[in-house]
There are 2 protein chains.
Amino acid sequence: MNRTEPVDTPLGDDFHLYDTTLRDGAQREGISYSVTDKLAVARLLDELGVGFIEGGWPGALPKDTEFFARAATGELALKHAVLVAFGATRRADTAAAADPQVRALLDSRAPVVTLVAKSDRRHIERALRVDVAEACAMVRDTVAFLVGEGRRVFLDAEHFFDGYAFDPDTALRVLDAAGQAGADVLVLCDTNGGQLPLQLADTVRDVAARTGLRLGIHCQDDTACAVANSVAAVQAGATHVQCTANGYGERAGNADLFAVAGNLVTKLGMPVLPTGGAAELTRVSHALAEIANLAPDTHQAYVGASAFAHKAGLHASAIKVDPLLYNHIDPATVGNDMRVLVTEMAGRASLELKGRELGVDLAGQPEALTSAVRKVKRLEAEGWSFEAADASLELLLRREVVGPDRDVLDEPPFVLESYRVVLDHRADGAVTSEATVKVHVAGQRVIATAEGNGPVHALDAALRSALSPHLSWLDSVELSDYKVRILAGHPGTDAVTRVLVESSDGEREWTTVGVHENIVEASWLALCDALVHKSLRTPRV
Amino acid sequence: MNRTEPVDTPLGDDFHLYDTTLRDGAQREGISYSVTDKLAVARLLDELGVGFIEGGWPGALPKDTEFFARAATGELALKHAVLVAFGATRRADTAAAADPQVRALLDSRAPVVTLVAKSDRRHIERALRVDVAEACAMVRDTVAFLVGEGRRVFLDAEHFFDGYAFDPDTALRVLDAAGQAGADVLVLCDTNGGQLPLQLADTVRDVAARTGLRLGIHCQDDTACAVANSVAAVQAGATHVQCTANGYGERAGNADLFAVAGNLVTKLGMPVLPTGGAAELTRVSHALAEIANLAPDTHQAYVGASAFAHKAGLHASAIKVDPLLYNHIDPATVGNDMRVLVTEMAGRASLELKGRELGVDLAGQPEALTSAVRKVKRLEAEGWSFEAADASLELLLRREVVGPDRDVLDEPPFVLESYRVVLDHRADGAVTSEATVKVHVAGQRVIATAEGNGPVHALDAALRSALSPHLSWLDSVELSDYKVRILAGHPGTDAVTRVLVESSDGEREWTTVGVHENIVEASWLALCDALVHKSLRTPRV
C-alpha cells in the first residue's frame, strides 16, 4: 500500500483516466473473469497507461478478494496505475469501523477506495430506506474512517443526474458530506445512462460552480451517448473520467475507454496517456476483447478493424491523393491502419509488410507473394483467420518462399499417419477420452495411446508420448491457451470451428490456428502447426 | 411522382427523420443488399414511420437504378415516407441538363433528390480540382435544374464541419448557392466523423444564425459520438436528421436511427414517429439486422436484447420495488423488455424475480429458494453460467419446487445408459465421426449409431435416431445455434468447456447450457436439457 497518484503520466494527478473494466465492465452479460484474467487485464491497462484501475469489490465477491490478495503479494507490479478497491458506504445501523464490508476494503490493501453512495432522494428513501441526514452520515463516516486509515477516497454519486434534477439540495448535500470528510473526487454517475451531452455539460458546470469540489464523471450508454457525455463533462470541468475497455458493462454498456482516450488525446489535445500510450490503444483493445472472450467490434471507433476502412467507390482515388482528407485522424496515432477494401493491391502490400514483420522477405519474390495472397484469400473465405495467429501465417509464408526455411518445412519434424479418439460416457456415469496416434518421426513409425480430460487433451498427450523420445525440445513446449470459436453463419452442431492454440517454451509464446467442421481436427491442425513452428526455431543437430 | 412531404406523422414536414440505410448504410463492410432486400428494408422503415427513405444512387449503381424502377411501378407503396434519390451535382464541364448522372436522378422518378456537394475548400481544390466559384455554380445549376423539373431538393454539404473550421466563407457560399437555387434543406455532414457535440452544436447554431436557411445534420461515428452529435444538432436548430438502421455505415458507421429516434421521442419529447411507431423500434431494428444478415447488437441502446437487462445483485432487490428507479425509460416505450440476469453476483431476490419471469413461483417456497440459490452458486463456481441459458435455469428451478412440473421432471422423456464417440483421422486423410448411444425411452432400451461432421453432430444424430420413433415432438426441434467457450483460468487443452445450445421448434427458441472438462460431454448436457425442456412444454398423452 504505497502511492496514491499515477506515475510517469504527462498530466500526473491533475487528470484521472480511471478504468473500471474489472468491476463495472464485468457486469456485462457474458463476461466472467477468472482471477488470472483480472490480473492480465490490469497489466494491459497499466501498459496502456491509465491512471487508476478499479479491481473489483473485495469482500463482496470471493474472486475480487482473491484478486486484491494476489495483487498485494506481488503478482501485480503497476508501472503507471494505482489500484482501486470499490465498495459501499457503511450500513445504516453500523459504525464504519465495525462494518465487515468496509473492513474488507481496508483488508484489500488497495491504496485508493471508491465508495458508491446514493445521491437521488428517491433512491435514498425507497431503496436505502433511510432519511437524507442518515444517508449523508453514512457517507461522511465511511469516508472519514477510510481517510483516517490512510486511504485516498473517491465517491461515486449514484444516479446523480436524475437526483440533481429531482432534488438538487439532497444531491449536493451528499457530495458535500463526502467532500468535507476528505473524499478527493466526487464522481457524478449517470447510472441509468439516460443523459444527453448538452444538459449533462450544463449540470457539471453548475455543480462545479456551486460546490467548488473536484468532479469526476461515470457514464452508461443507454442513450448511445456515453462517450459524448464523458467528453462533454471533461469540457465542462470534470478532471476524472471513469471508463471500461471497449465499453463493456451492464445493459448498453459504459463509456468506452478507447474512444474516450482517443477523443481526449486527438480532439482536445489532452495528453491523458504516457508517451506512446495512444499508439497502443488498438492492440490493448483487441487483447482485452480476447481475454473477455468476445469478438472485437470491427466497427468500434478508433480501434475497430473497420474504423479506417474505405469501401472502394466515391472516395477511392482521392484517398490515394491525401488520406487525411478522408480520415478524421492519422490511424497510426491510435495504432490502427487504414484499409482499402477488396483490392488485390492492398492484399499484396499488407502481406508483404506482414512478412517483413515476421522475418520472411517476400519483396524479392513476386511469384511467392502472389501465391501467398491467393492462399490467404482462399483460407479466409473458408473461415481461417490469421489476425491472431502469426505463427501459422509465418509457416504459410515460409512455405511459399525459396530458401533454407522452405527446406526445413519440406522435412517436417514428424508426419501423421492417422489418429483415433474414443470418447465414452459409461453406464456408471464416468466419462473417458482416449487417443491413439500413428506417426513417423526420426525414421521410425511410432504408435502411442494416452488418456485425457477431453478429446483434444488426450490427442495432445498421445502425440507427446509418441514424439518426446525423439524430439528433445518437445518437453519445453507447453500449451498455454486454447480458444474455440464457432463461426457464425453455419448454424447447428455441424458448424465450422476455428481453434486458436497459444504455445510457450518458457521464453516466447506463439499462436497457431486450425479450422475444420470437426473441432478435434481443427485442434489437431493448430497443435501440429505449433510444433512445426517450434522446430523451425530449434537448431538441427 | 407525387407528394414530397411525409404523411400522417405528428410533425409533418416540420421535422424530417431521414433514413439513408439503403445508400450510406450499405457502405458498411459486409452488407450487400439485393433489390428485394432493399424493398423489404424500405417497407419496414415506412412501417416504423420515418419521413424520408433514401433509396440509393440511381445511375451510379445498377441495383439502385432497378430499385427505383421497381418502386416507381408499384412495388413500394409508402404509407408515411417519401422516397429520395441520392446523386452528385453536375460535372465541372457539363450542363446539368446534359449530365447523364443528373438525368438518371430524374429518370428514377423519385419526388425528392438529395445532392451531395463539397463544401470544404481543400476538397474542392484538391479532389474536385475546380475553384470555389465553379463549385458553387455546379451546385446552383444542378439544384435549379431539378427544382425546375418539379423535384424537391436537399443538399448534403460534404465535410461541412472541417470545411467551415478551415474556411467558413467557402462553406457558407456553397450553402447559399444551393439555398438561392431552391434547395429546401441544407444538410451539414460530418463526413469523416471527427466532431464532438459541444462544438458541433455551436457550429450549427452559428450557421443557422448566419444563413437563415433550414438545416439538417448527417453524422458518422468515428468519435463514437454520432448519436450525440445528431441530437445536439437538433437541439441547436437542425430540423432534419439523417440516420441509418443500427448505425450501419462505412468505418465506424453512421448515427443509429433507433437511438436517435429513441432520444428525440423519450428525452426531448419530440413526436418524430407516428403514434405507435416508437414501440416498433425494437422489432424493426432486429428485422433490419436480419435482412442485412448481421447478428443484432445485443448491447445496442434502446433496442438491444441486453439494453434493459440487470445483472447486479446490488440492484435486484430495489428493482422489485420500482423498475423505473433503475431503467432510464420504460422498456415497453420502445418495444423492449426488462430482463433480470442470474449470475454469481445474484442473491435470493434476483433468483425469485427470475423465477417469476420463467413462471416458477419461488416466493411461497423459501426452502426451495434457499436450495436453488445454493445450487446456482455452486454451479457458477464450477463455470456454469445461466445468464444466457434461461431454459436450463428453468429446469433447475422446477426441480426444486414442489408441484406437477417436478413430477414430470422425475420421469424424464429418456434416460441415458451410455454413449461412445469415435473420431478417426485415417491414413488417407479422411476425417470421420461416429457416435453410438444406448438410451431408455418409452419403456424400451434403444441403441443407435450415426455419423456426423464432428463429434457433437454425430452424437446429436445418434440420439435423434434413437428417440424419434418414440417421441413424436422431436422432429420439430432443431438446433439453431451452438456456442463454445473455453473458460479462461484453466489453461491448456484440459480447460473446462462451456457449451450453449439454442434450440427452436418453429414457434419459440430456448437456450440451454452444459459445462464439463470434456467438450463432448458438455455438449451432451446442453443437448439433453434442450430436449427435456421441450418435453415440459409438450402435453403428455
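Residues numbered from 1 in each chain as written. Chains lettered and ligands numbered in written order. Predicted model: local features only at pLDDT ≥ 70, side-chain atom pairs only at ≥ 80, totals over all residues. Heavy atoms only, no water.

**Student:** How do you make sense of the interface of chain A and chain B when you look at a structure like this?
**Tutor:** Accessible area lost when the parts come together is the quantity often used to give the size of an interface. The partner chain B presents 105 residues to the 105 residues of chain A that form the contact. Inspection of the region where chain A meets chain B yields two salt bridges. The salt bridge involving Arg420 of chain B is made with Asp424 of chain A; its shortest N-O contact spans 2.8 Å. Counting residues per element, the side of chain A that touches chain B draws most heavily on strand β11 (residues 414-425) of chain A, at ten residues. Here the residues of the side of chain A that touches chain B are counted per class, giving 45 nonpolar, 32 polar and 28 charged. Strand direction decides the pairing type here: β11 of chain A and strand β11 (residues 414-425) of chain B, joined by seven bridges, are antiparallel. (Contact = heavy atoms within 4.5 Å. Salt bridge = Lys/Arg side-chain N within 4 Å of Asp/Glu carboxyl O. Helix = DSSP H or I, 4+ residues; strand = E, 2+ residues; numbered from the N terminus. Nonpolar A, V, L, I, M, F, W, Y, C, P; charged D, E, K, R; others polar. Pairing = 2+ DSSP bridges.)

**Student:** Help me understand the pattern of salt bridges, please; the structure alone is not making it clear to me.
**Tutor:** Once their charged atoms are close, side chains differing in charge can pair, the charge on each being opposite to the other. Residue and element names in this part refer to chain A. Enumeration according to the criterion identifies 58 salt bridges over all chains in this entry. With a shortest N-O distance of 2.9 Å, Asp428 and Arg426 are connected by a salt bridge. Given a relative accessible area of 57%, Asp428 falls into the exposed group. A relative accessible area of 40% places Arg426 in the partly exposed class. Connected through salt bridges with shared partners, the residues Asp13, Arg152, Asp184 and Arg214 form a single ionic network. (Buried < 20%, exposed > 50% of the residue type's maximum accessible area, 1.4 Å probe, protein only.)

**Student:** Help me understand the environment of Leu423 of chain B, please; the structure alone is not making it clear to me.
**Tutor:** Position of Leu423 of chain B among the secondary structure elements: in strand β11. Sequence separation of Leu423 of chain B and Glu451 of chain B is 28 residues, and the distance between their C-alpha atoms is 9.9 Å. Apart from the residues within four sequence positions on either side, Leu423 of chain B is in contact with Tyr419, Arg420, Val421, Asn518 and Val520 of chain A together with Thr432, Ser433 and Pro455 of chain B.

**Student:** So what exactly am I meant to see when it comes to helix α2 (residues 62-75) of chain B here?
**Tutor:** Residues lying three or four places apart along an α-helix face the same way, a consequence of the helix completing one turn every 3.6 residues. All names here are of chain B. Restricting attention to buried positions, one finds in α2 the residues Asp64, Phe67, Phe68 and Ala71. Buried residues in α2, looked at end-on, bunch into an arc of 95°, giving them a common side. Residues of α2 that are exposed and angled more than 90 degrees away from the buried face: Pro62, Thr73 and Gly74. Residues of α2 that are buried make contact with α1 (35-48), β2 (52-56) and β3 (82-88). (Arc of directions from axis to C-beta.)

**Student:** Can you help me understand the UniProt feature "domain: Pyruvate carboxyltransferase" (unreviewed entry) in chain A in this one?
**Tutor:** As annotated by UniProt and renumbered to match this structure, "domain: Pyruvate carboxyltransferase" (unreviewed entry) occupies residues 15-283 of chain A. Helix makes up 45% of residues 15-283 of chain A and strand 17%, and the two end C-alpha atoms of the span are 23 Å apart. (UniProt positions renumbered as here; feature names shortened; annotations may be inferred.)

**Student:** Any chance you could explain the domain arrangement of chain A here in plain terms?
**Tutor:** Entries for chain A in the domain assignment read domain 1 (12-291), domain 2 (309-404) and domain 3 (415-536). Domain 1 of chain A and domain 3 of chain A are separated by 44 Å when their C-alpha centres are compared. (Domains from an automatic or database assignment.)

**Student:** Whenever I open this one, the sheet that holds strand β6 (residues 185-190) of chain A confuses me. Can you help?
**Tutor:** Note on sheets: strands pair through backbone hydrogen bonds, and any given pair is parallel or antiparallel. Residue and element names in this part refer to chain A. Taking strand neighbours around the barrel as the criterion, the eight strands line up as β1-β2-β3-β4-β5-β6-β7-β8 in a closed arrangement whose pairing is parallel. Across this sheet, the average inter-strand angle for adjacent strands is 25°, counted without regard to direction. Here strand β2 (residues 52-56) pairs with strand β3 (residues 82-88) via four bridges, running parallel. In the sheet register, Ile53 faces β3, and the bridge partner there is Leu83. Packed on one face of the sheet, helix α3 (residues 100-107) meets β3 and β4 (112-118) and runs near 175° to β3. (Axes fitted to C-alpha atoms, helices over the stretch in contact; angles between N-to-C directions.)

**Student:** What is the right way to read the state of the cysteines from this model?
**Tutor:** Disulfide: a covalent bond formed between the sulfur atoms of two cysteine residues. On inspection of all chains with the given rule, the structure shows zero disulfides over all chains. Cysteine Cys136 of chain A remains unbridged, with the sulfur of Cys189 of chain A as its closest cysteine sulfur at 16 Å. (Disulfide = S-S within 2.5 Å.)

**Student:** Sorry, what's going on with the pairing of strand β12 (residues 431-441) of chain A here?
**Tutor:** In summary, the side chains of a regular strand alternate between the two faces of the sheet. Residue and element names in this part refer to chain A. The pairing of β11 with β12 spans eleven bridges and is antiparallel. The partner of Asp424 across the bridge, within β12, is Thr432. Counting the residues between successive antiparallel strands, the hairpin from β11 to β12 contains five residues, one of them, Gly429, with a positive phi of roughly 95°. Sheet topology places β12 next to strand β13 (residues 444-452); nine bridges connect them, and they run antiparallel. Across the sheet, residue His440 finds its bridge partner in β13, namely Arg445. Here β12 folds back onto β13, and the loop between the two strands holds two residues, one of which, Ala442, carries a positive phi near 50°.

**Student:** Sorry, what's going on with the packing of helix α15 (residues 390-400) of chain B against helix α18 (residues 519-536) of chain B here?
**Tutor:** Describing two packed helices takes the angle between their axes plus the distance from one axis to the other. Residues and elements named next belong to chain B. Here α15 crosses α18 at 65°, and the two axes come no closer than 9 Å. The angle between the axes of α15 and α18 places the two elements in the roughly perpendicular class. Between α15 and α18 lies a crossing whose hand is left-handed. Two secondary-structure elements touch here, α15 through Ala391, Ser392, Glu394, Leu395, Arg398 and Arg399 and α18 through Asp529, Val532, His533 and Leu536. Its residues assigned to classes, the contact of α15 with α18 shows four nonpolar, two polar and four charged. (Parallel < 35°, antiparallel > 145°, perpendicular 65-115°, else oblique. Left-handed = near helix turned anticlockwise from the far one by under 90°.)

**Student:** Would you take a moment to explain the packing of helix α3 (residues 100-107) of chain B against helix α5 (residues 132-148) of chain B for this structure?
**Tutor:** Residue and element names in this part refer to chain B. Contact pair α3 / α5: the axes reach a minimum separation of 11 Å and the direction vectors enclose 30°. Considered as vectors, α3 and α5 are oriented roughly parallel to each other. For α3 against α5, the interelement crossing comes out right-handed. Together, Val102, Arg103 and Leu106 of α3 and Thr142, Phe145 and Leu146 of α5 make up the contact between the two elements. Split by residue class, the contact of α3 with α5 holds four nonpolar, one polar and one charged.

**Student:** Sorry, what's going on with the pairing of strand β5 (residues 152-158) of chain A here?
**Tutor:** Residue and element names in this part refer to chain A. Counting buried residues along β5, seven of its seven residues qualify, which places the element largely inside the surrounding structure. A two-sided burial pattern is seen for β5, the buried positions comprising Arg152, Phe154, Asp156 and Glu158 on one face and Val153, Leu155 and Ala157 on the other. Relative to β5, β4 runs parallel, the two sharing seven bridges. Looking across to β5, one finds that Thr114 is bridged to Phe154. The sheet contact formed by β5 and β6 spans four bridges and is parallel. Each bridged residue has a counterpart across the sheet, and for Asp156 the counterpart in β6 is Val187.

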